[in-house]
Amino acid sequence: MDLAESYADQPVFVTGHTGFKGAWLCLWLAELGARVSGFALAAPEGPSLYALAGVEQDVESVTGDVRDTEAVAAAVARLAPEVVIHMAAQAFVRRSFDEPVATYATNVMGTVNVLDAVRRDDGVRVVVVVSSDKCYENREWVWGYRESDPMGGHDPYSSSKGATELVTAAYRASFFDTADAPAVASARAGNVYGGGDWSEDRLLPDVFRAALAGEAIRVRNPEAVRPWQHVLNPLSGYLRLAERAWADRDCAAGWNFGPGDDDARPVRWIVERIDALWDAPLRWEVDPGPHPHEAQWLKLDSSLARARLGWTPRWDLGDGLERTVAWHRAHRDGADVRETTLTQLREFAS
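K.L.:
Give a detailed account of the state of the cysteines, specifying residues and quantitative values.
P.N.:
According to the stated counting rule, one finds 0 disulfides in the structure shown. In this structure Cys251 is a free cysteine whose sulfur lies 18 Å from that of Cys135, the closest cysteine sulfur available.

See below:
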């Protein structure tokens, strides 16, 4: 996958760059020769990929909150990007039950603020708003959701992502519908994993924390089926989408970037596979709860991206889990985190 020609010396602005996905994306953009800037809250306390991999050396970083309208606008105006990839979000379903107002403010109004900053600027050419597979009205279907399916969401997080998609579509139709306006697209993916994720309340980070502590892994819903994918798979989709939208305004739309059907697996299968790959026995048990509502089935149909963007997930579930386990073992054993991360990135992109 050769993206270097498109991104070399390209000014790219990433919101949420201090997070797990943002750190991987910024490293990749820097590898491609882009001039990367970022806007986000400070890196989280405790271990973070952003800090351990030294991502700050690759990014002109602005610390700020996407809920701050003027701060977002000032950053876009000063940094003068031509490509904007908006990933800043409150990204946790369970936290959204405790903090619904903050979730909607960050995910919905944060997106409004980014798009309005672009509207007020005359240099941006392409915007990719990163949403979630949970933006769809979940009917517990066993087949994948397509881009034409209705938005929805049972919980505050999911409905905030549906609203994010509606906001993006409204801005695109109202302000970005002329030939000289920025091409505004959205990207829907979810349940990503990979080295360097220490997020709260997510399966693989919970597994690795328990493994390193020698504790039992507490699993909420072992039979829930999710479309698991290594973080580099959807990131490659975001980069390809921005590249194509630059040249073809028909790509200014919503796109799914999900794994193949064989990679939609139950939680139980994931835990058992990591147990087989880890170099010490793992123990797990069902967490009896109580727990807030979670979808039992969730899959994406990404045939549109495959057909029109030429995108396919490069690493399947087996490849991705092997590399994620290898990353965490390397970190545990004191290896150079930046070099470990860049090596996996180069393997993926080669």
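K.L.:
Mind laying out the pairing of strand β6 (residues 183-188), listing which residues take part and the relevant values?
P.N.:
Most of β6 sits out of view: 6 of its 6 residues are buried. Side chains of β6 alternate between two faces, with Ala183, Ala185 and Ala187 and Val184, Ser186 and Arg188 buried alike. Bridge analysis of strand β5 (residues 126-130) against β6 gives 5 bridges, and the strand direction is parallel. Bridge assignment links Val127 to a residue of β6, and that residue is Val184. Read as a crossover between parallel neighbours, the route from β5 over helix α7 (residues 156-175) to β6 is right-handed.

K.L.:
Break down helix α2 (residues 20-31) for me, with residues and values.
P.N.:
In an α-helix, one turn spans 3.6 residues, which is why side chains three or four residues apart end up on the same side. The terminal C-alpha atoms of α2 lie 17 Å apart, and with 12 residues this matches the ideal 16 Å at 1.5 Å per residue to within 8%. Along α2, the positions that sit buried rather than exposed are Phe20, Lys21, Gly22, Ala23, Trp24, Leu25, Cys26, Leu27, Trp28 and Leu29. Looking one or two residues past α2, Gly33 carries a phi angle of roughly 90°, positive in sign.

K.L.:
Residues and numbers for the packing of helix α8 (residues 203-213) against helix α10 (residues 267-277), please.
P.N.:
Here α8 crosses α10 at 35°, and the two axes come no closer than 11 Å. The element α8 and its partner α10 pack so that their crossing is right-handed. Contact residues: Leu203, Leu204, Val207 and Phe208 in α8; Val267, Ile270, Val271 and Ile274 in α10. Its residues assigned to classes, the contact of α8 with α10 comprises 8 nonpolar, no polar and no charged.

K.L.:
If you had to explain the pattern of salt bridges to someone new, which residues and values would you point to?
P.N.:
Opposite charge on two side chains permits them to pair, given that their charged atoms come into close proximity. The full count for this structure, using the stated rule, is 23 salt bridges. Here Arg346 makes a salt bridge to Glu31, at a shortest N to O gap of 2.9 Å. Of this pair, Arg346 sits in helix α13 (residues 337-349) while Glu31 sits in helix α2, and the two are 315 residues apart along the sequence. When its relative accessible area of 40% is taken as the criterion, Arg346 is described as partly exposed. With its nearest N and O atoms 3.0 Å apart, the salt bridge here joins Arg78 to Glu60. Of this pair, Arg78 sits in helix α4 (residues 69-79) while Glu60 sits in strand β3 (residues 59-63), and the two are 18 residues apart along the sequence. Because the salt bridges share partners, they merge into one network encompassing Asp279, Arg329, Arg332 and Asp333.

Each value, and the rule that gives it
Numbers given to residues run from 1 along each chain, matching the order in which its sequence is written. Under the rules for a predicted model, residues below a pLDDT of 70 receive no local features and side-chain atom pairs below 80 are neither given nor counted, while totals for whole chains, interfaces and linings still include all residues. Working from all heavy atoms in the structure, the side-chain values ignore hydrogens and water. Disulfide assignment relies on a single distance test, namely cysteine sulfur atoms paired within 2.5 Å. Summary of the burial criterion: residues with accessible area below 20% of their type's maximum are buried, those above 50% are exposed, and those between are partly exposed, where the area comes from a 1.4 Å probe applied to protein chains only. Segments assigned H or I by DSSP are reported as helices when at least four residues long, segments assigned E as strands when at least two residues long, and all are numbered from the N terminus. Strand pairing requires that DSSP identify at least two bridges connecting the strands. A crossover gets the label right-handed when its path from the first strand over the helix to the second runs clockwise, viewed with the strands pointing away from the viewer. Expected helix span is taken as 1.5 Å per residue step, with the number of steps being one fewer than the number of residues. Note on geometry: axes are lines fitted to C-alpha atoms, helical ones only across the stretch in contact, with angles between N-to-C directions running from 0 to 180 degrees. Take the far helix as your reference; a near helix turned counterclockwise from it by less than a right angle gives a left-handed crossing, and one turned clockwise gives a right-handed crossing. Contact criterion: two residues are considered in contact whenever any of their non-hydrogen atoms come within 4.5 Å of each other. All residues other than Ala, Val, Leu, Ile, Met, Phe, Trp, Tyr, Cys, Pro, Asp, Glu, Lys and Arg, Gly among them, are scored as polar; the first ten of these are nonpolar and the last four charged. In the sections that follow, a salt bridge refers to a side-chain nitrogen of Lys or Arg positioned within 4 Å of a carboxyl oxygen of Asp or Glu.

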